[in-house]
Amino acid sequence: GENVEQHPSTLSVQEGDSAVIKCTYSDSASNYFPWYKQELGKGPQLIIDIRSNVGEKKDQRIAVTLNKTAKHFSLHITETQPEDSAVYFCAASISNYQLIWGAGTKLIIKP
Amino acid sequence: KAGVTQTPRYLIKTRGQQVTLSCSPISGHRSVSWYQQTPGQGLQFLFEYFSETQRNKGNFPGRFSGRQFSNSRSEMNVSTLELGDSALYLCASSRDIQGQGGELFFGEGSRLTVL
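Throughout what follows, the structure given in this document is the object of discussion. (Residues numbered from 1 in each chain as written. Chains lettered and ligands numbered in written order. Predicted model: local features only at pLDDT ≥ 70, side-chain atom pairs only at ≥ 80, totals over all residues. Heavy atoms only, no water.)

1. Section: the layout of surface pockets
Here is step 1: For the largest pocket, the calculated volume is near 720 Å³.
Here is step 2: Along the walls of the largest pocket sit 30 residues, with Gln38(A), Leu40(A), Val87(A), Gln37(B) and Pro39(B) positioned nearest its centre.
Here is step 3: Elements that contribute at least two residues to the lining of the largest pocket include exactly strand S9 (86-93) and strand S11 (105-110) of chain A together with strand S9 (87-94) and strand S11 (110-114) of chain B.
Here is step 4: Broken down by class, the residue content of the lining of the largest pocket amounts to ten nonpolar, 14 polar and six charged.
Here is step 5: In this model, the second largest pocket occupies a volume close to 340 Å³.
Here is step 6: In terms of lining, the second largest pocket is formed by 16 residues, of which the most central are Lys42(A), Gly43(A), Pro44(A), Gln45(A) and Phe106(B).
Here is step 7: Taken together, the elements giving at least two residues each to the lining of the second largest pocket come down to strand S5 (45-51) of chain A together with strand S10 (105-106) of chain B. (1 Å grid on protein atoms, 1.4 Å probe; cavity = no way out; pocket = protein on both sides within 12 Å on 5 of 7 lines; lining within 4 Å. Points joined across faces, edges and corners; volume = space filled by probe spheres on them. Helix = DSSP H or I, 4+ residues; strand = E, 2+ residues; numbered from the N terminus. Nonpolar A, V, L, I, M, F, W, Y, C, P; charged D, E, K, R; others polar.)

Quick look at the structure:
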């Protein structure tokens, strides 16, 4: 079946440095790629998304890039802050409009 | 604007029992999706309901079932509970079908412990 692989599972970065999380998808028909952030004790929340007709999208310190040829997309967080510590999930839509989710990345920001 | 409401927030059951969880979506949202989350297992998709019809179903046994009412509120039921069913069950609502590009709004979840 279709799947999304997400790496790394845990990422520890120094406050102020950049963090990059990568996801690879298998369905060539995927056309929607959201990223969700889950803080402790809360449900996931959408932070940024991208569609297949766009290669890059930015929102302040967060950006997502998409490489359709290689079938992978990445989340970039610059100037990391303590409040960026959370679990991040990527997802990709498949042909029946279901979202397939990555396994998650725990991002730790070290002071 | 009220968010997604899940009840109960916490519950403890014993093996063999059954449980019903409830989800009230954001007003105007017609899609409700359910997920199981266990430590280290990410978000496991259970099913999605849209306008009272089940659209998609994840790879879970038939003990897991759900339904959606005409007011878009949804319930999920787990029968013959097993220890491995202990998890956080998350509900998410959206205006349209989940993969069409609309934002999913998650509730805070129902934490089920099976003893």
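2. A look at the state of the cysteines
Here is step 1: Under the criterion given, the structure shown has two disulfides over all chains.
Here is step 2: Disulfide pairing is shown between Cys23(A) and Cys90(A); the S-S distance is 1.9 Å. When the S-S torsion is -100°, as for the bridge of Cys23(A) with Cys90(A), the disulfide is left-handed. Taken together, the positions of Cys23(A) in strand S3 (residues 19-25) and Cys90(A) in strand S9 put the pair 67 residues apart, joining distant regions of the chain. Per residue, the accessibility class of Cys23(A) equals that of Cys90(A), and both read buried.
Here is step 3: In this model, Cys23(B) is linked to Cys91(B) through a disulfide, with the two sulfur atoms separated by 1.7 Å. Here Cys23(B) and Cys91(B) share a disulfide; its torsion about the S-S bond, -45°, makes the bridge left-handed. (Disulfide = S-S within 2.5 Å. Buried < 20%, exposed > 50% of the residue type's maximum accessible area, 1.4 Å probe, protein only.)

3. Here's the deal with the interface of chain B and chain A
Here is step 1: Counting from both sides, the interface comprises 19 residues of chain B and, opposite them, 18 residues of chain A.
Here is step 2: Summed over both sides, the interface between chain B and chain A buries roughly 1600 Å², with carbon and sulfur atoms accounting for 53% of that surface.
Here is step 3: Taken together, the links from chain B to chain A amount to zero salt bridges.
Here is step 4: Across the chain B-chain A interface, the total number found is seven residue pairs in polar contact (both at pLDDT 80 or more).
Here is step 5: Counting residues per element, the ones that place at least two in the side of chain B that touches chain A are strand S4 (31-37), strand S5 (43-50) and strand S6 (53-57) of chain B.
Here is step 6: Its residues assigned to classes, the side of chain B that touches chain A shows seven nonpolar, nine polar and three charged. (Contact = heavy atoms within 4.5 Å. Buried area = accessible area lost by both parts, 1.4 Å probe. Salt bridge = Lys/Arg side-chain N within 4 Å of Asp/Glu carboxyl O. Polar contact = N/O pair within 3.5 Å; in protein donor to acceptor, adjacent residues only side chain to side chain.)

Read these as spatial facts, not as claims about activity.
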